[in-house]
Amino acid sequence: MTASKELVPVRESNPPDLYEDRYMAGQGTVLYRDKSRAPWFLHAMFGAAAAIIVAANLVAGQLLALGVTLPILTIVWLFFAVLRVTVSQGAVQVQYGLFGPTIPVAAIESATPVSYDWKSLGGWGIRRSIKGTWIYNMPGDGGRAVQVTWHDARGKQHVTLIGSRRAEDLAESIQAARAALPAAPDQAALPEGSDEAP
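As the structure is a computational prediction, the values presented were derived from the model and not from experiment.

**A word on the packing of aromatic side chains**
On inspection of all chains with the given rule, the structure shows 1 aromatic pair. Between Tyr-19 and Tyr-23 the ring centres are 5.0 Å apart and the planes differ by 40°, which places this aromatic pair in the tilted class. With Tyr-19 and Tyr-23 both in helix H2 (residues 18-23), this residue pair falls 4 residues apart, about one helical turn. On the basis of relative accessibility, which here comes to 17%, the residue Tyr-19 falls in the buried class.

**A look at empty space enclosed by the protein**
In this approach a probe as big as a water molecule rolls over the atoms, and the regions it shows empty are the leftover space. Summed over all chains, the structure comprises 1 cavity of 30 Å³ or more. What the largest cavity holds in volume is close to 40 Å³. Only strand S1 (30-37) and strand S2 (82-88) provide two or more residues apiece to the lining of the largest cavity. When residues in the lining of the largest cavity are grouped by element, the largest group, 4 residues, is from S1. Classifying every residue of the lining of the largest cavity by side-chain character gives 4 nonpolar, 3 polar and 3 charged.

Scoring rules and cut-offs
Residues numbered from 1 in each chain as written. Predicted model: local features only at pLDDT ≥ 70, side-chain atom pairs only at ≥ 80, totals over all residues. Heavy atoms only, no water. Phe/Tyr/Trp six-rings, centres within 6.5 Å; stacked < 30°, edge-to-face > 60°. Helix = DSSP H or I, 4+ residues; strand = E, 2+ residues; numbered from the N terminus. Buried < 20%, exposed > 50% of the residue type's maximum accessible area, 1.4 Å probe, protein only. 1 Å grid on protein atoms, 1.4 Å probe; cavity = no way out; pocket = protein on both sides within 12 Å on 5 of 7 lines; lining within 4 Å. Points joined across faces, edges and corners; volume = space filled by probe spheres on them. Nonpolar A, V, L, I, M, F, W, Y, C, P; charged D, E, K, R; others polar.

This is the structure in structure tokens:
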């Protein structure tokens, strides 16, 4: 039986948006897709900042500065307006705007729903703790996340927290993708004198 027959694709009622379709299509069967949008007060903060910048530059007659700072603020706002997560047969993709990791499913050691305190992490967005844990979170997730422990190609262990209102569903999808991975080659079946699989 192939791995894809063991996996339950994400419901068709949750199709990818244009960005996800192009940049987060997944690797193989897509099991989970979620998009958390910034709440109204974050949009209000960016709007207020933009209004202050416009007013200050108009009063000072700095039209060139306005022409530079306003587009930069708009780009920053667009980057942090949406947190997207896709779990597929081959990878977990996290994108906060244009930033975030693609974690190979085969590299994941565990995926556990956890509670966290946003204040201890210094706020929302993309954060890195003193211990080296990365978190991608958005206000409104209720302090819930999935803690993904994984290793890179050099074997170094990483911990990534993914904030989600659906932390249990996200963790279950990651576990389903891990369970569907092909079994590791049987060491007993390797040719004599071979220490590891090719």
